[in-house]
Number of protein chains: 4
Amino acid sequence: MQLGMIGLGRMGGNIVRRLLGSGHHAVVYDKDPQAVAALVSEGAQGAASLEQLVQQLTPPRAVWVMLPAGAITETTIEQLGQLLSPDDVVIDGGNSFWQDDIRRAAALAERGIGYVDVGTSGGVWGLQRGYCMMIGGPKPLVDRLDPIFAALAPGRGEIAATPERDGRDPRVEQGFLHAGPVGAGHFVKMVHNGIEYGLMQAYAEGFDILKNANAPTLREAHRFDFDLADIAEVWRRGSVIPSWLLDLIAAALARNGTLDGYSGFVEDSGEGRWTINAAIDEAVPAEVLTAALFARFRSRREHTFAEKILSAMREGFGGHKEPSQHPDPAQQAGPAKLKPKEDPV
Amino acid sequence: MQLGMIGLGRMGGNIVRRLLGSGHHAVVYDKDPQAVAALVSEGAQGAASLEQLVQQLTPPRAVWVMLPAGAITETTIEQLGQLLSPDDVVIDGGNSFWQDDIRRAAALAERGIGYVDVGTSGGVWGLQRGYCMMIGGPKPLVDRLDPIFAALAPGRGEIAATPERDGRDPRVEQGFLHAGPVGAGHFVKMVHNGIEYGLMQAYAEGFDILKNANAPTLREAHRFDFDLADIAEVWRRGSVIPSWLLDLIAAALARNGTLDGYSGFVEDSGEGRWTINAAIDEAVPAEVLTAALFARFRSRREHTFAEKILSAMREGFGGHKEPSQHPDPAQQAGPAKLKPKEDPV
Amino acid sequence: MQLGMIGLGRMGGNIVRRLLGSGHHAVVYDKDPQAVAALVSEGAQGAASLEQLVQQLTPPRAVWVMLPAGAITETTIEQLGQLLSPDDVVIDGGNSFWQDDIRRAAALAERGIGYVDVGTSGGVWGLQRGYCMMIGGPKPLVDRLDPIFAALAPGRGEIAATPERDGRDPRVEQGFLHAGPVGAGHFVKMVHNGIEYGLMQAYAEGFDILKNANAPTLREAHRFDFDLADIAEVWRRGSVIPSWLLDLIAAALARNGTLDGYSGFVEDSGEGRWTINAAIDEAVPAEVLTAALFARFRSRREHTFAEKILSAMREGFGGHKEPSQHPDPAQQAGPAKLKPKEDPV
Amino acid sequence: MQLGMIGLGRMGGNIVRRLLGSGHHAVVYDKDPQAVAALVSEGAQGAASLEQLVQQLTPPRAVWVMLPAGAITETTIEQLGQLLSPDDVVIDGGNSFWQDDIRRAAALAERGIGYVDVGTSGGVWGLQRGYCMMIGGPKPLVDRLDPIFAALAPGRGEIAATPERDGRDPRVEQGFLHAGPVGAGHFVKMVHNGIEYGLMQAYAEGFDILKNANAPTLREAHRFDFDLADIAEVWRRGSVIPSWLLDLIAAALARNGTLDGYSGFVEDSGEGRWTINAAIDEAVPAEVLTAALFARFRSRREHTFAEKILSAMREGFGGHKEPSQHPDPAQQAGPAKLKPKEDPV
């Protein structure tokens, strides 16, 4: 089958590669001509503009947009709306906000153009492992694209079958799901990322507690110098908490047990935030997912204004003067830390 | 090798079975004679009392205690301290508090008896999959017990090797870890369970958001009826969040997509609590692990007194009368829920 | 000065009463003619429709809309936009979303009509204590309305002056603040309510801990039967945590120490939710305000689906069967609660 | 009445001053002779050692210990146990852990010496405003000390009476409460401080959201430059959230609207931690109080190890490289922050 691909970053490029490897055809465009050239050398057909890309595709066309969520995706899909013909379909495979999908699909529908949103997971491993895809859109369009999804998905592989799934959609076990109408794909992907944040933070806090189990302020009999790499490794084997994320932690800690290269500054992307917004709209308590998001926000501030407000109050009622800079981190923990101070308030 | 086992519940019994299957010998005791008889019929040697068990073991003895954490374990280990001889070793394989290990080991050491604490993970699957073991104690004792641990551990199996582990303790890849001195095993197991709570809650909140995405109070274009079983399944395949816990969710949802049989009442055990206590001692922020614990506490209350305090304040400043009972859950979510009320306060 | 008032609920009605008491004039409208009649009997001029209300006001008119946030406010302001003349001003004194203010003000500006948003706090006590007002809009309009705000505000009263405020806007000490351009008033009111939720939850959790200090599962020497009414009262006097909210708690507990009349079901309104959305937009960690919101969400569910997911996992890995109903609440707390269970996982 | 005072820091010294001002007598000791001399010059009787202090007091003696919680208090009370006579009473007015009270009282009881624990609140303002006291101990002892407590308490002052308190202990309205047996005083004070942390954090987060409402990454129409000092001030007047803590914030912001002198490093003391431990023991969810504590922990770390774990995972699955240092804080917030990145995972 033939697919147009716009955006040849790590995700877009590898999706094309995986398609080519399965015998599909791809017409590719990126604002960076070198990215186009690279994929042409691997068998794709190159386009120098959106217009060219559209012209080189045989109707009914399928054009996959794999760009950063936000303005670039928005503009590109608007332009495609001008260039494509009725019965063509735009696929947004990026991390778009699901409400944007609903709006865009309605706009394209006025011109008879279809829209499918695909939450695409797999990261840098997708080329090799395949991509997990959560798809929203009208059934006929999703079915028409089935060969593309089947080629990109991991397939059943060696992952154990879940019992009692007889009679259910077999595509799911291949690694792609038609989750519902337009927006459903990105909604499910959004929650996937929300969960991802929560899982990551749970592991992170656990390892932080292990790491600080040797704080000098703890009583001596209560200090442990743990080998975190070994702990991560042993948990991969027969415990309750093995996961792919734990595999990654084990690998990182085996490489460097103190994770020296990392600053501790952690980005977040839109999905984590939208997940909390969705929880609030639905009145669903989501403490853990929210705490995970806020931990990232906090990681990017040297100090918050909130903290200064706290110190100002403490000085106001108790005359407490906070230290003016970070003390020796070794002195952070435990009861011994509580410095003599005669002013209970 | 020969092992005494006290406590033949699901964990203790299956540990004995796995040992017998590897050619080891076991002398077993349980307060329930039928549990003893069952294992005798499978090849173990039965004892009718702690005294008998000790007599039937050849010195230097190794006695594994696999009882509920708390008073029963405490008493049993005290009794063993009276019955055992110097150079014997007591293994606490249950979910004891790590500070209890340190205290008990010191008491036994006065009589020359050794102590090893083993955090044992694997649940009902351990017989088949093997047990992940986190071990605390003196190196000579742990080494002496190596054949036992090796038989119980899962072994390398088909789990992919972590890169860059050359030169590290190969036992870890078998699924057991000598984590440090006495207490270290249960400390690591404690944090394992703390993480487990966090991971579980992260998945749980995510599925709750998916489940409530069809709340009638949401705007119509923003409602989705998701098939949660299929979502769990597709995430097992190529996404960022596969794990054993997700496998279990996928299986449960495939069986019953609305989880009808479950009340929503969720127990917690000591480890989750002790993990938070440890975080507090170390001054480590652990938002996610704590929120996961508190969600369980809350699940077991019909209402909290805190909530009544809130309502009392709301009535005090705004004259708000809260509904006297749970309204139609279908009316819970979203902005439409906000009933006309003319009293901004 | 003359003011039109639309919406004569507890807030709107009392605002009119307070204005009348200060010698101002009011033309009032409500869809309920009895509400209009009541205020007419107290000196207001009644209107039977929006049209009448507009006709009875002398240009340049000032019309205060005091309706529930949402559709009713929206429609009413749209209608006023058709009826009013250039240089008139609409005041939204309800709990509107601040982004709606910006949109509405822009629409009215096209017809030369002004818009001022007023976050109004004070609840059922406002008539007597005065209203705290947070105001957004263009300076000339806010200044024009100054006599209205001055009459509604509490005035300096007996509240101690804050030091070092010389040279600052004296209106603030009267209890009203021109916070910024359109939207600023409701933004500040929104955060006020967000903080309100956090404060309330902090007190609520503290009293819950006191209340449960006598749980039978705690060790006997560690149980206390506290008199919560007396504790609330003593904290009002010389402690660090006196507040108006604490006054309300003290009063409620003096009336009934177990708060028997309250179900524990707690509503929330839009401001608490929007506060968290704002925090997320700004990447500001807001753990406490969010937790306070989620506690209310949780209070309105008998159980969450998340909790059932937890139980399903627990059964999956450990064979744990959760109790099918709420146990005796007296059995909830403490370590003794941890029932014998031989399956550490 | 005569009181011995050990520990003449800000709290102990001012307590003596307030007693002297009410016509009571004090024998004072501090390891710093200058502190003793200062109070002697104000009318107290000085002692050069614990022994002297005991000798100078007329039996039955009352000795108030006002030292930092922990080792110093522990040792001092042990020494007093050797020096005092039956029927004497030790008062621990510091911030001791309530379980320590129970243990100490039992030890002193063996020698016939009484023990009373007093949670003392009031901070640097106590001399002037009086101290709020939460008292644990046997009724006869507490009654015997009534003149001391009455002199230290604020008295009814101008604080409005709570309705429906007829027939209740009138001492509570003076500002001191006999909360229960030994330990009860410090338990109530502990929860007071736990609530204090929660309240403080609620205000702090709210002001942080206001402060960041002008982040350049927000859409222009959605930015506000708020005057935080004025907002704090207006909320003191007629809103729902006035409190003494808000008074302190208003004063600090009036002095310096950006709180320049504060580092953002925030200490915590034992009570906040013990409050969470108590909640956990009682199985009471206490999200807000815990989040407030963790925010302080986090404020004292440049980065957590948890954050590095997050970055290691992000690099593992997505190839994401986190920035190596804090970016321009002005670039932190909002959707525009989400940098183009083509790798949805």
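Here is what the cut-offs are and how they apply
Residues numbered from 1 in each chain as written. Chains lettered and ligands numbered in written order. Predicted model: local features only at pLDDT ≥ 70, side-chain atom pairs only at ≥ 80, totals over all residues. Heavy atoms only, no water. Buried < 20%, exposed > 50% of the residue type's maximum accessible area, 1.4 Å probe, protein only. Helix = DSSP H or I, 4+ residues; strand = E, 2+ residues; numbered from the N terminus. Right-handed = clockwise from strand over helix to strand, strands pointing away. Pairing = 2+ DSSP bridges. Axes fitted to C-alpha atoms, helices over the stretch in contact; angles between N-to-C directions. Parallel < 35°, antiparallel > 145°, perpendicular 65-115°, else oblique. Left-handed = near helix turned anticlockwise from the far one by under 90°. Contact = heavy atoms within 4.5 Å. Nonpolar A, V, L, I, M, F, W, Y, C, P; charged D, E, K, R; others polar. Least-squares fit on C-alpha atoms with pLDDT ≥ 70 in both. Domains from an automatic or database assignment. Buried area = accessible area lost by both parts, 1.4 Å probe. Salt bridge = Lys/Arg side-chain N within 4 Å of Asp/Glu carboxyl O. Polar contact = N/O pair within 3.5 Å; in protein donor to acceptor, adjacent residues only side chain to side chain. Phe/Tyr/Trp six-rings, centres within 6.5 Å; stacked < 30°, edge-to-face > 60°. Lys NZ or Arg CZ within 6 Å of the ring centre and 35° of its normal.

(A) Spotlight on the pairing of strand β5 (residues 89–92) of chain C. All names here are of chain C. Burial along β5 is two-sided: Val89 and Ile91 facing one way and Val90 and Asp92 facing the other are all buried. At this point the chain moves from strand β4 (residues 62–65), through helix α4 (residues 71–83), to the parallel β5, and the crossover so formed is right-handed. Of the strand pairs in this sheet, β5 and strand β6 (residues 114–121) are connected by four bridges, and their pairing is parallel. Looking at the pairing, aspartate 92 lines up with aspartate 117 of β6. Handedness of the crossover is the feature at issue here: the chain leaves β5, passes through helix α5 (residues 98–109), returns alongside β6, and the resulting connection is right-handed.

(B) A look at the packing of helix α10 (residues 184–211) of chain A against helix α11 (residues 228–235) of chain A. All names here are of chain A. For the pair α10 and α11, the least separation of the axes is 11 Å and the interaxial angle reads 135°. Relative to α11, the element α10 lies oblique. The way α10 lies across α11 gives a crossing that is right-handed. Side by side, α10 and α11 meet where Phe207, Leu210 and Lys211 of the first sit next to Leu228, Ile231, Ala232 and Trp235 of the second. For the contact of α10 with α11, the residue count by class is six nonpolar, no polar and one charged.

(C) Region of interest: the packing of helix α13 (residues 270–282) of chain C against helix α14 (residues 287–299) of chain C. Residues and elements named next belong to chain C. Where α13 contacts α14, the two axes come as close as 10 Å, and the packing angle between them is 140°. As judged from the angle between their axes, α13 and α14 are oblique. For the crossing formed where α13 meets α14, the hand is left-handed. Residues Gly272, Arg273, Thr275 and Ile276 of α13 lie in contact with α14, whose contacting residues are Leu289, Thr290, Leu293 and Phe297. Here the contact of α13 with α14 is built from residues that sort into four nonpolar, three polar and one charged.

(D) Highlighting the relation of the copies chain C and chain A. Of the two same-sequence chains, chain C is brought onto chain A (RMSD 0.0 Å, axial shift 0.0 Å) by a rotation of 180°. The two molecules are tied by a two-fold rotation axis, judged by turn and shift. Across chain C, the rotation axis passes nearest the C-alpha of asparagine 277 of chain C, at a separation of 3.3 Å. Of all interface residues in chain C, 100% are interface residues in chain A too; the two copies therefore contact each other through one and the same surface.

(E) Structural context of the relation of the copies chain A and chain B. With an RMSD of 0.0 Å, the fit of chain A onto chain B corresponds to turning through 180° and sliding 0.0 Å along the axis. In this assembly the copies share their binding face: 100% of the residues contributing to the interface of chain A also contribute to that of chain B.

(F) Spatial organisation of the sheet that holds strand β5 (residues 89–92) of chain D. Residues and elements named next belong to chain D. Taking strand neighbours across the sheet as the criterion, the eight strands line up as β3-β2-β1-β4-β5-β6-β7-β8 in an open arrangement whose pairing is mixed. For this open sheet the edge positions go to β3 (45–46) and β8 (176–180), each flanked by a neighbour on one side alone. Against the sheet, helix α5 (residues 98–109) touches β5 and β6 (114–121), its axis set at about 150° to β6.

(G) Expanded view of the environment of glutamate 220 of chain C. The topology assignment puts glutamate 220 of chain C in the loop between α10 (184–211) and α11 (228–235). In sequence terms glutamate 220 of chain C and alanine 37 of chain C are 183 residues apart; their C-alpha atoms lie 63 Å from each other.

(H) How the structure looks around unusual backbone geometry. A cis geometry characterises the amide bond from proline 59 of chain A onward to proline 60 of chain A, with omega recorded as -10°. Within the element layout of this structure, proline 60 of chain A appears in the loop between α3 (50–56) and β4 (62–65). In this structure, leucine 259 of chain A is a non-glycine residue whose phi angle is positive, near 50°. Tracing the sequence through the fold places leucine 259 of chain A in the loop between α12 (244–255) and α13 (270–282). Positioned with a positive phi, aspartate 87 of chain B is a non-glycine residue whose angle comes to about 85°. By the secondary structure assignment, aspartate 87 of chain B is in the loop between α4 (71–83) and β5 (89–92). Exposure remark for aspartate 87 of chain B: the relative accessible area of 45% places this residue in the partly exposed category.

(I) Quick peek at the domain arrangement of chain A. Residues and elements named next belong to chain A. For chain A, the assigned domains are domain 1 (2–160 + 167–181) and domain 2 (189–299). Inter-centroid distance (C-alpha atoms) of domain 1 to domain 2 is 32 Å. Residue-level contacts link ten residues of domain 1 with six residues of domain 2. Of the roughly 820 Å² buried between domain 1 and domain 2, counting both surfaces, carbon and sulfur atoms make up 66%. Scanning the region where domain 1 abuts domain 2 turns up zero salt bridges. Across the contact surface, domain 1 and domain 2 share two residue pairs in polar contact (both at pLDDT 80 or more). Here the element with the most residues in the side of domain 1 that touches domain 2 is strand β6 (residues 114–121); it accounts for three residues.

(J) Examining the side chain of arginine 300 of chain C more closely. Residues and elements named next belong to chain C. For arginine 300, the location among the structural elements is in the loop between α14 and α15 (305–318). Among the polar contacts made by the side chain of arginine 300, one reaches the main-chain carbonyl oxygen of valine 266 at a distance of 3.0 Å. Here the side chain of arginine 300 touches aspartate 268 through a polar contact of 2.9 Å, side chain to side chain.

(K) Here's a closer look at the sheet that holds strand β1 (residues 2–6) of chain A. All names here are of chain A. Ordered by their spatial adjacency, eight strands build an open sheet running β3-β2-β1-β4-β5-β6-β7-β8, and the pairing between neighbours is mixed. Every interior strand has two partners, whereas the edge strands, β3 (45–46) and β8 (176–180), have only one. Relative to strand β2 (residues 25–29), β1 runs parallel, the two being bridged by five bridges. What sits directly across from leucine 3, in β2, is alanine 26. Its contacts with the sheet put helix α4 (residues 71–83) on β1, β4, β5 (89–92) and β6, and the angle it makes with β4 is roughly 165°.

(L) The arrangement of the pattern of salt bridges in detail. All chains considered together, the criterion is met by 96 salt bridges over all chains. With a shortest N-O distance of 2.5 Å, lysine 139 of chain B and aspartate 143 of chain B are connected by a salt bridge. In this pair, lysine 139 of chain B and aspartate 143 of chain B both sit in helix α7 (residues 139–144), four residues apart, roughly one turn of the helix. The exposure class assigned to lysine 139 of chain B is exposed, which follows from its relative accessible area of 52%. In this structure, arginine 165 of chain D and glutamate 173 of chain D form a salt bridge, with 3.9 Å as the shortest nitrogen-oxygen distance. Glutamate 173 of chain D matches arginine 165 of chain D in its accessibility class, with the two residues each being buried. Through salt bridges with shared partners, a single network forms among Arg156, Arg165, Arg168 and Glu173 of chain A together with Asp227 and Asp230 of chain B.

(M) Main features of the interface of chain A and chain B. The partner chain B presents 96 residues to the 96 residues of chain A that form the contact. Both faces considered, chain A and chain B share a buried interface measuring about 7,700 Å² in area, 68% of it formed by carbon and sulfur atoms. Summed over the three residues of chain A that lose the most area to chain B, namely Ile209, Arg237 and Val240 of chain A, the buried surface amounts to 10% of that side. Taken together, chain A and chain B are joined by six salt bridges. Remark: the boundary between chain A and chain B carries 34 residue pairs in polar contact (both at pLDDT 80 or more). Broken down by element, the side of chain A that touches chain B gets its largest block of residues, 17 residues, from α10 of chain A. Grouping the constituent residues of the side of chain A that touches chain B by class yields 56 nonpolar, 20 polar and 20 charged.

(N) Structural detail: the pairing of β1 of chain A. Judged by how many residues are buried, β1 of chain A sits mostly within the fold: four of five residues are covered. For the crossover from β1 of chain A across helix α1 (residues 10–21) of chain A to β2 of chain A, the handedness is right-handed.

(O) Looking closely at the packing of aromatic side chains. Counting across every chain of the model gives 48 aromatic pairs over all chains. A centroid spacing of 5.0 Å and a plane angle of 70° characterise the contact between tryptophan 98 of chain B and phenylalanine 187 of chain B, whose relative ring orientation is edge-to-face. Of this pair, tryptophan 98 of chain B sits in helix α5 (residues 98–109) while phenylalanine 187 of chain B sits in helix α10 (residues 184–211), and the two are 89 residues apart along the sequence. Of the aromatic side chains, those joined through ring pairs into one cluster are Phe97, Trp98, Phe187 and Trp274 of chain A together with Phe224 and Phe226 of chain B. Arginine 296 of chain A extends its terminal NZ or CZ atom over the ring of tyrosine 197 of chain A, reaching a point 3.8 Å from the ring centre.

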